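As a plain string of letters, each chain reads:
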Amino acid sequence: MAVWERLISAKERFGAGYLVLIDPDKLDRSQLIRLAERCGEEGVDALLVGTSFLMNELLDEVVRAIKSACDLPVILFPGSSHHLSRYADAILFLSLISGRNPEFLIGEHVKAAPFIKRFGIEAIPTGYMLIESGSYTSVEFMSGTRPLPRDKYDIACAHAIAAELLGMKCVYLEAGSGAKLPVPNEMISAVRSQVGIPIIVGGGIRSPDVAREKVEAGADFIVTGNVLEEDPKLLSEFVSAVHLRRP
Ligand code: 1GP
């Protein structure tokens, strides 16, 4: 089954899907293997692999190590056109639609596209929206773009509608890794009321209760990264909080 279909089927079964972000710059080889194993055992729906810089490891080796540790789909979450691996199952083909930097709207995509096609990686076209989150985030700095104001729901909705009309498969409301404040519930609900495509929400979600609130507000997929690096024991609680339904 294609990765996108697998994600949709997880969302339909459980009410929402839970994705764990593995950052190769933050975990060493044995830590990331252990985390991937536990994600496979605890019922996570897929793994995202990505970072803003990619300083430590070759992505091919990281993806192969993760795939040897679990059967979950491994989806690239790239910070640039260099962040590719032929061993990944899919890539969130992110267009940073909240910004006005042409490199992150289309430029990096053009550089990566021939390789994505040659490697046969499934591309998931994603409208990536950076939302103001109380601090200066790595994505904001690296992309040279301003985030959307966190209290302007109409602006967020207009961006999400544009993504849907452009044929993107989903929107990703991103507060930024390690954000002080996650994406507001009211913004998620507002976007939910305006678009039919799935909504991924991530950045600054540090507790299962907060993850549940985001799902109840209308998120279809929740992404967490940092919190599990700090406290891996929370994994099963996050799975239960995000999976509203247990079939
Ligand atoms: C970042 O949304 C992800 O792109 C995860 O963020 O590390 O803050 O959970 P955290």
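Refer to the structure above for everything that follows.
Let me sum up the structure you'll find in this document. (Residues numbered from 1 in each chain as written. Predicted model: local features only at pLDDT ≥ 70, side-chain atom pairs only at ≥ 80, totals over all residues. Heavy atoms only, no water.)

1. Some points on the site of the ligand
Now for step 1: Around the ligand lies a shell of 14 residues, among which Glu174, Gly178, Gly204, Gly225 and Asn226 are the nearest.
Now for step 2: Between Glu174 and the ligand, the recorded distance is 2.3 Å, taken from a side-chain N or O atom to an oxygen atom.
Now for step 3: Gly178 is positioned such that a nitrogen or oxygen atom in its backbone is 2.6 Å from an oxygen atom of the ligand.
Now for step 4: In isolation the ligand has 300 Å² of accessible area, and contact with the protein removes 97% of it.
Now for step 5: Classifying every residue of the shell around the ligand by side-chain character gives four nonpolar, nine polar and one charged. (Near = heavy atom within 4 Å. Polar contact = N/O pair within 3.5 Å; in protein donor to acceptor, adjacent residues only side chain to side chain. Areas by Shrake-Rupley, 256 points an atom, 1.4 Å probe, with all protein chains shown as cover. Nonpolar A, V, L, I, M, F, W, Y, C, P; charged D, E, K, R; others polar.)

2. Brief notes about the side chain of Asn101
Now for step 1: For Asn101, the location among the structural elements is in the loop between β4 (90–96) and α4 (102–119).
Now for step 2: Among the polar contacts listed, one links the side chain of Asn101 to the backbone nitrogen of Glu103, at a separation of 3.0 Å.
Now for step 3: Polar contacts involving the side chain of Asn101 include one to the main-chain carbonyl oxygen of Ser143, which spans 2.8 Å.
Now for step 4: Residues in contact with Asn101, not counting those within four places in the same chain, are Ser143 and Thr145. (Helix = DSSP H or I, 4+ residues; strand = E, 2+ residues; numbered from the N terminus. Contact = heavy atoms within 4.5 Å.)

3. Examining α4
Now for step 1: Helix length check: α4 (18 residues) gives 25 Å between terminal C-alpha atoms against 26 Å at 1.5 Å per residue, within 8%.
Now for step 2: At Ala112, α4 shows its largest bend, some 40°, and a proline, Pro114, comes one to four positions later.
Now for step 3: By the burial criterion, the buried members of α4 are Gly107, Glu108, His109, Ala112 and Ile116.
Now for step 4: Those residues of α4 hidden inside the fold are in contact with β4 and β5 (122–130).
Now for step 5: Following α4 by one or two positions, Gly120 adopts a phi angle in the positive range, close to 70°. (Expected span 1.5 Å × (residues − 1). Bend = angle between axes of the 7 residues up to and from the residue. Buried < 20%, exposed > 50% of the residue type's maximum accessible area, 1.4 Å probe, protein only.)

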